[in-house]
Structures are given as structure tokens and as C-alpha cells.
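An overview of the molecular structure
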Amino acid sequence: MDAEEESGIRTERKVKKAAQLLFFRRHRIPGVKGWELKKALGDDYVEVIAVLNSVLDTLGMEVKLISEEGGEKEEGEEKKAERDRFMIVLKSPVIEKASGERIDNIAMLSATLAYIISKQGKVPRKAVEEFLSDKFPKQRVYFAIDRYIKQGYVGEDDKALYIGWRTRAEVDRKALLDLILS
Amino acid sequence: MKFYKVPGKQMKFDELFRLLNFCKTIQTEGTDPFDLDVKKFLETLKQYHKKWKSLDDLLLDAEAIAELAKIIELQGKWIKDRSSSFYIDPVLLELKLKMLEPQQLATAFFKSWHPIISLDRITPQRLTEGLAYWDALLPLGERIDEFPFPSAVKSTFDIEDLIELNILSKTEFDDSIRAVLNELEVRGRIEYHDFIYGASFETSVKKAYLTSYLVNEGKAELDINPLEEEVFISPSYYTNVNAQAHHTQSRSIPISLSYEDWLQWMQKRNQE
């Protein structure tokens, strides 16, 4: 077996391991931190993820990097990537039903996210409650907001709501606003 | 500019205090930070700079510079926010959101949604770890400190507390209980949820609370059928007639009420 063949097998093994780490949940929040990948795959973990990404691309999926501070990271920022969370998401938006949520809950979530984004990312919880109760009963609004916080779509800090980790990972916020305004 | 050439000391302070207050207003009220002319502010400070003598003068000068720095920082943030692709006039968006139907909002969400793909799987290794944990776990009796009883007495209000705090009057509470009892007497033996649930969830919860007093005081009785998962409530005289000599031991019965359950009940009732 020559060196090139050996290196190919090693890479294949690493890509398989990366796929297992990313597909199966290891923590409460899905995804794996950069340093965990580095520990499991070695220093060249960014290259391994790039290979995995090209495989996933054919299936309509991609590896996405989410920073803890907020915002998405471009590939190449290796140092920062160690602190970031890597997760696999669907590349194209889902048109068919892909959630068991009631339409009312999705509508409230959509309005909540758009409302928070338009207020520069942070807004008092009471303001969101009042805004949503224009169309839904207050009890349902309270219940829905608590659920969004639990699911990670919205975060709460000192009676203020902000965009949660899950929205940062799953929702194309620009597209959402464009669709609402169009 | 000539205005600043020969200022008296009081005039200097007035001018600076006015500018400092303006800086603070921008920070607290969130008004447009570009309302402050930074260049003019710096020129004003420059005019006064050579005239500062005392420590207080210098402190005031330092404070002015610090406030100005905060405003410049706000101006930077303001530009960043508005130049970002996410900036949209909040009033316009709010109006749009109010106009859209829930269906349209949900469609917008789905079209911008890229769900995370993540699976949960219990591996044989994890099962072994779980078993090892189980084996190492002491019996509950030996770990009772891990599950302290909640200090419920200290943290809850009973009816006497509410009356004492003038939140509720005794007469008002008695009238409410009597109204619920009268209704129960009229309706006779009835399924508990059919009795409790009404037009709104709020009144349903209130009625359940009042009913618990009726049961506590022995004015109403609950009849539970665990197999069918049914709970019936009836006024006490009704039960006494049917089972006069039947003595049962009193016990606490938790019956859950939830908003979803109430919604289902409403839907069922509307279908009927």
C-alpha cells in the first residue's frame, strides 16, 4: 500500500467519524464544538469537515458554524472555529411540512423573530407579549414564548428576549424579513 | 466661533454642562447620536482647554471627553446597525406583521428555515454506563437530602392570607363558592371536566379552585373511575342518597388542568 492510498483511507475514516459526531447528538444542544472535533479528528479537522461538506452537499445538507457570541462564521477562521459549534443543517429551505408544530405556533414564532430582529436583536418580553396578543389569546402567547425559549429559538435575559442559538443556526433571517416585507 | 472667545467661568460651565446633559440624554433616550455635532463639541473644549486651572476644571474636561467618546461609539453602532442587511424600519415591519395572516407568516418561516439534522441514539456503551450508574446509586432512603421537601408553607398564600392582605373579601369568596355549589346542585352528578371547563380558560381555573374548597368542606364529592380515567363530581346530598352508609377514607386527589386540554374540550363541545 503506497503512502497516497494510506492517506486516502485515513481521511475516509476521519470523515466517517466526523459524520457520526455531527449527526448524533452528544449534548443537550445539537452539534459539536470545534475543539471537540480537533480532539477527535486531529489538527486537520477543518479540512476533514470540508471533505464531509462536499459529501453532504450532494444530499442537500451542509455543515454550519455558529459562534457562541452570535452570527455565522466564514470558513477559514480556524482559531475562532475551535470555540464555535459545528452542526449539520438542510441546505435548501424546507417547503413541505417538516415539523409537527401547529400553524399558529409557527406564525407566532415567525412574528416574534421578525419583531426582535427589527428592534436590533433585543426587546422587552412584555413588548413581544403585547404585540402577539393582538392576534392570539394572552395565555397562548405566554405559553408559546416559553416554548420558544425552551426550544432555543429565543433567549431570555433579564426580562428581555433576544435571538436564540437555534434561530442563528436554522433561520435565514434576511430571507425571513424579505419574505415578510415582500 | 466668536461666541467662545472670551467666556466667563460660569459661562464655560453652563456651556459644558449643557453639552454633557445632551450626551446623557442621547444615551438614555436612545435618540439619534448624530444630533450632537462632535466637531463643534471638540472645538468648544479646545477653546476652554488653556483656561482650565483647578482640579475641578480638569475633571469636568475629562468627563466631557469621556461622554463624547460614548457618543462616538453610539454613532459607530448606529451606522453599523443601519448598514447591516437586517436593518428595516421597525414601524414598517410591525405594520406588515399585523397585516399578515398566520398562514402567510408560517410560510415565510418555512421558506427561510434550514432545520438542524440531529439524531438521538442510545448506544450499547451508553447503556452499560447507565447500568453502572444504577448499580452505584444508593437507595432513595439514603439519598433523601438530594430531594428536600419544598418549603411550601412559607411560599404560598392561602385564602386567609389573601383576605388579610385585602386582595379578597370573605363575603366575596363565600358568594363565589355558594354560586359554584348552586350550579353543581342544579347540574347534579356530572363529569368533573365538563363541570369545570367553561367559555374561558381563566374562569375554568378559577372554578376548579373554588370547587376544591367544596370538596374539602365535604359539600361535594368526587367519584373516580381509574379504568375509564373518568372523574365525576356530585353534591354531597346526592352521593349520600345513593350511598348512605358508605364511608370512605378522605385523601388528596390531583386532577390536572391544562390549556391544551381545555382547548380540546372546547373543540369537542363545539363539534357536539
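Residues numbered from 1 in each chain as written. Chains lettered and ligands numbered in written order. Predicted model: local features only at pLDDT ≥ 70, side-chain atom pairs only at ≥ 80, totals over all residues.

Looking only at helices and strands, one finds 9 helices and 6 strands in chain A. Within chain A, buried positions represent 32% of all 182 residues. Look at the contacts in chain A between residues 6 or more apart in sequence, and 59% of them connect residues 24 or more apart. (Helix = DSSP H or I, 4+ residues; strand = E, 2+ residues; numbered from the N terminus. Buried ≥ 20, exposed ≤ 12 C-beta atoms within 10 Å, placed from the backbone. Contact = placed C-beta atoms within 7 Å.)

Let us now look at the packing of helix α6 (residues 125–132) of chain A against helix α7 (residues 138–151) of chain A. Residues and elements named next belong to chain A. Interhelical geometry of α6 versus α7 gives an angle of 130° and a closest axis separation of 9 Å. As summarised for this structure, α6 and α7 are arranged oblique, according to the angle between their axes. Between α6 and α7 lies a crossing whose hand is right-handed. Side by side, α6 and α7 meet where R125, V128, E129 and L132 of the first sit next to V141, Y142 and I145 of the second. Among the residues making up the contact of α6 with α7, the classes are represented as 5 nonpolar, no polar and 2 charged. (Axes fitted to C-alpha atoms, helices over the stretch in contact; angles between N-to-C directions. Parallel < 35°, antiparallel > 145°, perpendicular 65-115°, else oblique. Left-handed = near helix turned anticlockwise from the far one by under 90°. Nonpolar A, V, L, I, M, F, W, Y, C, P; charged D, E, K, R; others polar.)

Its place among the elements puts R269 of chain B in helix α13 (residues 259–271). In this structure, the C-alpha to C-alpha distance between R269 of chain B and D194 of chain B, residues 75 residues apart in sequence, is 9.4 Å.

One finds A114, L176 and I180 of chain A together with F109 of chain B to be the most contacted residues of the largest nonpolar core, which totals 30 residues. Listed by contribution, the elements that provide at least two residues to this core are α5 (103–118), α6, α7 and α9 (173–181) of chain A together with α5 (102–111) of chain B. Take this core: its biggest share by element is 9 residues, from α5 of chain A. Discounting chain neighbours no more than four positions away, the residues touching F109 of chain B are I106, L109, S110 and L176 of chain A. Among the nonpolar cores identified, the runner-up in size contains 20 residues, and V32, L37, V48 and I66 of chain A belong to it. (Core = buried A, V, L, I, M, F, W, Y, C linked by C-beta atoms within 7 Å.)

One can expect most non-glycine residues to show negative phi and most peptide bonds to be in trans. Residue and element names in this part refer to chain A. One non-glycine residue with positive phi stands out, namely D158, at about 50°. As for its position among the elements, D158 is in the loop between β5 (154–157) and β6 (160–163). Judged by the 6 C-beta atoms lying within 10 Å of it, D158 is exposed. Unusually for a residue other than glycine, K159 sits at a positive phi of about 60°. By the element assignment, K159 lies in the loop between β5 and β6. Classification of K159 as exposed rests on a count of 8 C-beta atoms within 10 Å.

Let us now look at the sheet that holds strand β2 (residues 61–66) of chain A. All names here are of chain A. With antiparallel pairing, 3 strands are arranged side by side in an open sheet as β1-β3-β2. The outermost strands of the open sheet, each flanked by one partner alone, are β1 (32–33) and β2. Docked against the sheet, helix α1 (residues 3–23) engages β1, β2 and β3 (85–90), running at close to 85° with respect to β3. (Pairing = 2+ DSSP bridges.)

For interface size, the figure often reported is the accessible area lost on association. Contact residues are listed per partner, giving 42 residues for chain A and 30 residues for chain B. For the side of chain A that touches chain B, the elements supplying multiple residues, two or more each, are β3, α5, α7, α8 (165–170) and α9 of chain A. Looking at the side of chain A that touches chain B, the element that brings in the most residues is α5 of chain A, giving 11 residues. Partitioned by chemical class, the residues of the side of chain A that touches chain B number 29 nonpolar, 4 polar and 9 charged.

Let us now look at the pairing of β5 of chain A. All names here are of chain A. Of the pairings in the sheet, the one linking β5 to β6 comprises 4 bridges and is antiparallel in character. Bridge pairing links E156 to L161 in β6. From the end of β5 to the start of β6, which pair antiparallel, there are 2 residues, and D158 there has a positive phi angle of about 50°.

Moving on, we come to the confidence of the model for chain B. Residues and elements named next belong to chain B. Mean pLDDT over chain B works out to 78, with 81% of the residues at or above the 70 mark. Mean pLDDT across the elements of chain B bottoms out in helix α7 (residues 152–155) (52) and peaks in α5 (89). A low-confidence stretch, residues 1–7 stays under pLDDT 50, and its non-local contacts, those more than four residues away or across chains, total 3 contacts. (pLDDT = per-residue confidence, 0-100.)

All names here are of chain A. Here 3 strands make up an open sheet; going across it, the order is β4-β6-β5 and the pairing antiparallel. Two strands bound the open sheet, and with one partner strand each, they are β4 (122–124) and β5. The sheet shows a mean angle of 30° between the axes of neighbouring strands, direction not considered. Summarising the sheet, β4 and β6 pair through 3 bridges and their orientation is antiparallel. By the bridge assignment, P124 is partnered in β6 with A160. Its contacts with the sheet place α6 against β4, β5 and β6, and it is angled at close to 75° to β4.

A word on the packing of helix α9 (residues 170–187) of chain B against helix α11 (residues 201–216) of chain B. Residue and element names in this part refer to chain B. Look at α9 against α11: their axes get within 9 Å of each other, and the N-to-C directions meet at 85°. Here α9 is positioned roughly perpendicular relative to α11, judged by the angle of their axes. Across from S176, I177, V180 and L181 in α9, the residues of α11 making contact are K207, L210, T211, Y213 and L214. Its residues assigned to classes, the contact of α9 with α11 comprises 6 nonpolar, 2 polar and 1 charged.

Take the environment of E156 of chain A next. Following the sequence through the fold, E156 of chain A ends up in strand β5. For E156 of chain A, the residues in contact, after removing those within four places along its chain, are R125, I149 and L161 of chain A.

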